[in-house]
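# Fold and contact review
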Amino acid sequence: MARSDSHFVCQSCGHSSLRWAGQCGGCGEWNTLVEQRRPEIAANSPRAGGRARAGTAARPVALRDVSQPAVPRLLTGIGELDRVLGGGLVPGSIVLMGGSPGIGKSTLTGMALGNLAATGRRTLYVSGEESAAQVRMRAARLGDHALAVPVITETSLEAVLATLEAELPDACVIDSIQTMHAEGMTGAPGSVGQVREAATAILEVAKRIDCAVFLVGHVTKEGAVAGPRVLEHLVDCVLLFEGERERSFRTLRALKNRFGATSEVGVFEMRGGGLVEVEDPSARFVGEASGAPGSCVLCSMEGTRPMLVEVQALVAPTEIVPPRRVANGVDRNRLAMILAVLARHGGPGLSSADVFVNVAGGVRIDEPGADLAVAMAIVSAHKGEPLADPEGRPMACFGEVGLTGELRSVGHADRRLAEAIKFGLTPVIGPPDTERLVALASHKTLRSALGAAFAKRAQRRAA
Ligand code: TYD
Ligand code: MG
């Protein structure tokens, strides 16, 4: 049962009740009641009908006259992180760092605090998950900077707030927001009500004392109901740290950023001494590209940065109906569409084959420009013919595939090409080109692009 200062509000219709119930009494939806603290309704609050009319009118100011203080950003000393943040941490901002367990959130935020401490900033690491000794053990792997960071192990929200007010840090990590619990509330730590209450209170204090906060949050594969998703609208910046735990590559991307672009992606590698920035991911991925049947290099754009990645496919006959379609690193629906277009427009019909597609290195590609590379890799796997030339140089391509089998242009063709040229992967097969770019072999349709890619092989074989 809720204490008298809290109540349960339906997230779908707003109905409020004193008791938690599985089904909302207002709209009949299930599992929508969330505990909330009752605001103290003072006699003069607008809600009580008192002050709204008595208040003095505010004077709107034209945006161009709004003063814009130039606040220097806090540089975390981790180039990739600073870039994704839009040029460093903004003082007083709240950054939510989401990611599945074991991906390296504590490592990355710990390194950032260590670097900030080394530049003379006040820092604080609040650990709600691990003991101080465990945090120290990790810091020891990260080096001297990380060991200088002051730590508290605390899960009581009130105690954390008091510590923030007493220590006045410039930057702080709350690891994790799901472990914090407010005393006035009955929900278990990690429940939507608790997480939101804790985040709101921390946000309020952080803005007041001008402390930049990393809120660490776990997300499950499904995006977790009680997870940090409920916080996305509260915080200034949402970063998602992704990758496969067994692989060493990790990508950091911004889903929301009030102080910068959301298209930037940082690439890291987990090593024995912490996370290492991968400054030239293309070199790594092209170097590892196998050039075997089913492998194709994609000229992708990750934010403002062109990146060459290897797309791999495996096509295997199966008796299972419906056959399996497994996509790692590309969208599953996109894969289904590409298979359908292939079947209709010049590619093989794969209705009795399992198809697996994977972007090597655990990278996730979220753009339609990847379509052509996925199609190429699948056809190459199906035919058992490599796309690489006799010297083993892999073939590179990019372009969106339309439902009528046409190839469509995608943004930044010039920068994609420049990256491929840098690694000698020319000519690049791509969509029609309006800018007369060098080294681009343009094709109007998927059929003609496939024809060109595999005809070259056939010619070579004949010669
Ligand atoms: P961690 O930051 O604790 O993950 P999270 O906070 O997201 O749950 O680190 C995850 C993994 O990284 C852990 O299994 C061990 C590994 N690791 C290294 O390989 N090298 C290192 O230097 C560190 C600190 C961790
Ligand atoms: Mg952790």
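Residues numbered from 1 in each chain as written. Chains lettered and ligands numbered in written order. Predicted model: local features only at pLDDT ≥ 70, side-chain atom pairs only at ≥ 80, totals over all residues. Heavy atoms only, no water.

### Quick look at helix H3 (residues 105-118)
- With 14 residues, H3 should cover 20 Å at 1.5 Å per step; its first-to-last C-alpha distance of 20 Å lies within 8% of that length.
- Extensive coverage of H3 is indicated by the burial of 12 of its 14 residues.
- If you check which residues of H3 are buried, you get Lys105, Ser106, Thr107, Leu108, Thr109, Gly110, Met111, Ala112, Leu113, Gly114, Leu116 and Ala117. (Helix = DSSP H or I, 4+ residues; strand = E, 2+ residues; numbered from the N terminus. Expected span 1.5 Å × (residues − 1). Buried < 20%, exposed > 50% of the residue type's maximum accessible area, 1.4 Å probe, protein only.)

### Considerations on the site of ligand 1
- Taken together, 14 residues sit near ligand 1, with Gly102, Ser106, Thr107, Arg271 and Gly274 positioned nearest.
- For ligand 1, an oxygen atom lies 2.7 Å from a polar atom in the backbone of lysine 105.
- Contact between ligand 1 and arginine 138: an oxygen atom at 3.1 Å from a side-chain N or O atom of the residue.
- In isolation ligand 1 offers 560 Å² of accessible surface; the protein chains occlude 75% of this area.
- Where the shell around ligand 1 is concerned, the elements lending two or more residues are H3, helix H4 (132-142) and strand E11 (265-271).
- Element by element, the count of residues in the shell around ligand 1 is highest for H3, at 3 residues.
- Classifying every residue of the shell around ligand 1 by side-chain character gives 3 nonpolar, 7 polar and 4 charged. (Near = heavy atom within 4 Å. Polar contact = N/O pair within 3.5 Å; in protein donor to acceptor, adjacent residues only side chain to side chain. Areas by Shrake-Rupley, 256 points an atom, 1.4 Å probe, with all protein chains shown as cover. Nonpolar A, V, L, I, M, F, W, Y, C, P; charged D, E, K, R; others polar.)

### What about unusual backbone geometry?
- For the bond running from aspartate 175 to serine 176, omega is 0°, close enough to zero to count as cis.
- If you trace the backbone, serine 176 turns up in the loop between strand E7 (171-175) and helix H7 (192-209).
- Cis peptide bonds are those with omega within 30 degrees of zero, and the linkage from valine 321 to proline 322 qualifies with -10°.
- Within the secondary structure, proline 322 is located in the loop between strand E14 (305-317) and strand E15 (325-328).
- A positive phi angle is found at leucine 168, which is not glycine, with a value near 45°.
- Mapped onto the elements of the fold, leucine 168 is located in the loop between helix H6 (157-167) and E7.
- Of the residues examined, leucine 168 reaches a relative accessible area of 44% and is grouped as partly exposed.

### Points about the sheet that holds strand E6 (residues 151-153)
- Spatial ordering of the open sheet is given by E6-E5-E7-E8-E4-E9-E10-E11-E12, a layout of 9 strands whose pairing is mixed. Only two strands of the sheet have a single partner each, and these edge strands are E6 and strand E12 (274-277). Mean inter-strand twist for the sheet, computed between neighbouring axes without regard to direction, equals 25°.
- The pairing of strand E4 (residues 94-99) with strand E9 (residues 237-243) spans 4 bridges and is classified as parallel. (Pairing = 2+ DSSP bridges. Axes fitted to C-alpha atoms, helices over the stretch in contact; angles between N-to-C directions.)

### Here we look at the environment of phenylalanine 268
- Here phenylalanine 268 shows up in strand E11.
- Taking the C-alpha atoms as reference points, phenylalanine 268 and valine 379, separated by 111 residues in sequence, lie 31 Å from one another.

### Details of the sheet that holds strand E2 (residues 16-17)
- If you walk across this open sheet you meet the 3 strands as E2-E1-E3, and the pairing is antiparallel. The outermost strands of the open sheet, each flanked by one partner alone, are E2 and strand E3 (33-37).
- Sheet analysis places strand E1 (residues 6-10) next to E2, joined by 2 bridges and oriented antiparallel. Residue pairing in the sheet places valine 9 in a bridge with serine 16 of E2.

### Some words on the packing of H6 against H7
- Close contact between H6 and H7 brings their axes to 10 Å; oriented N to C, the two are set at 10°. Considering their axes alone, H6 and H7 lie roughly parallel with respect to each other. Judged by residue contacts, Leu157, Leu161, Leu164 and Glu165 of H6 engage Glu197, Ala198, Ala201, Ile202, Val205, Arg208 and Ile209 from H7.
- Classifying every residue of the contact of H6 with H7 gives 8 nonpolar, no polar and 3 charged. (Parallel < 35°, antiparallel > 145°, perpendicular 65-115°, else oblique. Contact = heavy atoms within 4.5 Å.)

### Section: the nonpolar core
- Val357, Met376, Ile378 and Phe398 are the most contacted members of the largest nonpolar core, which has 62 residues in total.
- Examining the composition of this core, we find that 9 residues originate from one element, helix H10 (residues 371-383), more than from any other.
- Ignoring anything within four residues of it in the chain, the contact list for methionine 376 reads Cys296, Leu387, Met395, Cys397, Ile429, Ala449, Leu450, Ala453 and Phe454.
- Grouped together as the second largest cluster of nonpolar side chains are 33 residues, Leu89, Met111, Ala117 and Phe214 included. (Core = buried A, V, L, I, M, F, W, Y, C linked by side-chain atoms within 4.5 Å.)

### Some remarks on the packing of aromatic side chains
- A full pass over the atoms with the stated rule returns 2 aromatic pairs.
- With a centroid separation of 5.9 Å and an interplanar angle of 85°, the aromatic rings of phenylalanine 241 and phenylalanine 268 are classed as edge-to-face. Remark: phenylalanine 268 occurs in strand E11 and phenylalanine 241 occurs in strand E9; sequence separation between them is 27 residues.
- Judged by its relative accessible area of 0%, phenylalanine 268 falls in the buried class. (Phe/Tyr/Trp six-rings, centres within 6.5 Å; stacked < 30°, edge-to-face > 60°.)

### Re H7
- When the terminal C-alpha atoms of H7 are compared, their 26 Å separation across 18 residues agrees well with the 26 Å that a helix rising 1.5 Å per residue should span.
- Among the 18 residues in H7, 14 count as buried, and that is most of the element.
- In the segment just after H7, aspartate 210 is the residue with positive phi, at about 60°.

### Considering the packing of helix H9 (residues 332-344) against H10
- Contact pair H9 / H10: the axes reach a minimum separation of 10 Å and the direction vectors enclose 60°. By the angle class used here, H9 and H10 are oblique. In this structure, H9 crosses over H10, and the sense of that crossing is right-handed. Contacts from Arg334, Leu335, Met337, Ile338, Leu339 and Leu342 of H9 reach H10 at Asp371, Val374, Ala375, Ile378 and Val379. (Left-handed = near helix turned anticlockwise from the far one by under 90°.)

### Brief notes about the environment of alanine 283
- Mapped onto the fold, alanine 283 is located in helix H8 (residues 281-288).
- Judged by relative accessible area, which is 34%, alanine 283 ranks as partly exposed.
- On a C-alpha basis, the gap between alanine 283 and lysine 207 in space is 41 Å, while along the polypeptide they are 76 residues apart.

### Description of the pattern of salt bridges
- Overall, the coordinates contain 20 salt bridges when judged by the stated rule.
- Across the pair glutamate 269 and arginine 271 runs a salt bridge whose closest N-O atoms are separated by 3.5 Å.
- Taking the shortest distance from any N to any O, the salt bridge between arginine 284 and glutamate 269 comes out at 2.9 Å. Residue arginine 284 is located in helix H8, and its partner glutamate 269 is located in strand E11; the two are separated by 15 residues in the primary sequence.
- What you see here is one network of salt bridges that share partners, running through Glu242, Arg253, Arg364 and Asp366. (Salt bridge = Lys/Arg side-chain N within 4 Å of Asp/Glu carboxyl O.)

On their own, these measurements won't tell you what the molecule is for.
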